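So the chains spell out like this:
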Protein chains: 2
Amino acid sequence: MLPISKNWEKFSHLFAREEISAKTLLLQEGQIANTIFLIEKGSLRSWFNNDGKEVTFQFFFEGQGVSSIESFITNEPSLFNIESLEPCVIYTLSKKDFQTLTAQEPAIKEEINAHILQRLFLYQKLFLSRIKDNPEKRYKEMLKEYPEIFQRVPQHYIASYLGITSVSLSRIRNRR
Amino acid sequence: MLPISKNWEKFSHLFAREEISAKTLLLQEGQIANTIFLIEKGSLRSWFNNDGKEVTFQFFFEGQGVSSIESFITNEPSLFNIESLEPCVIYTLSKKDFQTLTAQEPAIKEEINAHILQRLFLYQKLFLSRIKDNPEKRYKEMLKEYPEIFQRVPQHYIASYLGITSVSLSRIRNRR
DNA sequence: TAGCGTTTTTAACAATTGTTATCGTTCTAC
DNA sequence: GTAGAACGATAACAATTGTTAAAAACGCTA
C-alpha cells in the first residue's frame, strides 16, 4: 500500500481515472512497471506464475496505492502480475509524471522510500509466519486479522496466498 | 551481514576482541541489542523460541557483522537470540561507540541503512521461497547455493531453518 | 581411549496436505 | 435468461511431513 497523503493531492491532475472490469491485467510479470495505480473502488491482487501454477501473494483494496514498486524504481522487470479481482475504478500515474512529481515534491520521494520499507517489513512478517505457523494456523490468523478479505476474495486465491490448495483450504474451513 | 568496509577500519580501536566458546548466547530474545558483533573466526546463528521450539532463521560466518539491527536501531526488544555455533573470535562494538562512530562518519550510517534494506530483501527472498518451494526443493536450493553451510552447521539447525524437523531433513537427504 | 552428550538415522504410526475427479452452485457475458 | 466459465465442497487415494522412540554414529574431553 502506498500511503496516499496530502502531498499527493496537489498533483491530482496528473492522475487519469479509469474503469476496468474484473480480471484485467494491469501489469504483467516480466514487464517493467511504468505506472502507479490508486484504487478508488474495487480490489486487486498480485501474483506470479510458479511452474504453471498461479501464486497469489497480496491483496489490495480501496484507498491503497499499488505498483511493482521495485520494478518501477529500478527499471527491472516485474516479478509479478497485478490484476483486478472485481470491477474497479482506479487512478493511474505514469512514471514520467511521477518523476515530475517527485522532483517538485521531495516529501513524496521520502514517502516512497518509507513505502518500500513497509513492503519489506511485510515480507519479514509473512516469512516469519510461514516459519512458525502451519497452514491451519495461518488461516485462522488471517480470518481474525482480515475477515473482510474473505467476504470479497474468491477462496482459491486465498488458498494460494496461504500456500495451500483450494481443496485443503476447504477442508480446513470445514474442520469442525 | 553488515558490510564491513574501509569506513570502519579507522575505528578499529573501538572494537573489543573476544574469544567465546560454542553455544554462547550473545543476545537474548527480549533484550535490547546494544552491541554489534564482527566475526573473525567461527559462526553464529539467530533463532527464536516458538512455543517451546527453537526456530533458527539465519547463519553467520567469518567477515560478517551481526546484530539484531532492528533492535539496535529502534531500542525495541530483540525478536531473536544470537548464539555461537562454534568457538569464535569476535569483535564487539558498543552502541555508545557506534554512535560516536556514526556521528563522525555519515558514510557508516548509509551503510547501516543499506544493510537494513539488504536484510529485508533477504526476508522477501526467503518468503517467496517458502511460498514457491516445498521443503525438499528448498533443501536442494540451499545445498546448491550454500554447500559450505552443510559442512559446518549441525543438521538439525538447518532443518529448523528449512522449516522442517530434523527427522524429515534426514529423510529428504537419504531419498535416493 | 573410554565415556558421555550431541547429532543423525531409522522405524512405525498419525496427521496433514496434495492430486485428481466429480458434482452442485454461483457468477458472468452475451 | 441462458450457456459456459468459475467456484466451492467432497471423496478417494497418494505423498509428504510430523511425532515419538530407539539405536547408531560422531565428537569432545577427562
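See the structure above.
Predicted model, so just to flag it, every value in this text is computed and none were measured.

(A) Representation of the protein's contact with DNA strand D in the model. Residues in close proximity to DNA strand D total 18 residues, the closest being Q155 and H156 of chain A together with S168, R171 and R175 of chain B. The sugar-phosphate share of atoms of DNA strand D within 4 Å of the protein amounts to 63%. The contact in question runs from a phosphate oxygen of DNA strand D to an N or O atom on the side chain of S168 of chain B, over 3.4 Å. A distance of 2.7 Å separates a base nitrogen of DNA strand D from a polar atom in the side chain of R171 of chain B. Where the surface near DNA strand D is concerned, the elements lending two or more residues are α7 (155-162) and α8 (166-173) of chain A together with α5 (135-145) and α8 (166-173) of chain B. Considering only residue class, the surface near DNA strand D consists of five nonpolar, seven polar and six charged.

(B) A look at the protein's contact with DNA strand C. Among the 19 residues in the neighbourhood of DNA strand C, the closest are listed as S168, R171 and R175 of chain A together with Q155 and H156 of chain B. Of what DNA strand C places within 4 Å of the protein, 64% of the atoms are sugar or phosphate. Here a phosphate oxygen of DNA strand C and a backbone polar atom of H156 of chain B are 2.9 Å apart. At 3.1 Å, a side-chain N or O of S170 of chain B approaches a phosphate oxygen of DNA strand C. Residue assignment for the surface near DNA strand C shows that the elements contributing at least two residues are α5 (135-145) and α8 of chain A together with α7 (155-162) and α8 of chain B. Top element by residues in the surface near DNA strand C is α8 of chain A. It accounts for four residues. Its residues assigned to classes, the surface near DNA strand C shows six nonpolar, seven polar and six charged.

The rules behind the values
- Residues numbered from 1 in each chain as written.
- Chains lettered and ligands numbered in written order.
- Predicted model: local features only at pLDDT ≥ 70, side-chain atom pairs only at ≥ 80, totals over all residues.
- Heavy atoms only, no water.
- Near = heavy atom within 4 Å.
- Polar contact = N/O pair within 3.5 Å; in protein donor to acceptor, adjacent residues only side chain to side chain.
- Helix = DSSP H or I, 4+ residues; strand = E, 2+ residues; numbered from the N terminus.
- Nonpolar A, V, L, I, M, F, W, Y, C, P; charged D, E, K, R; others polar.

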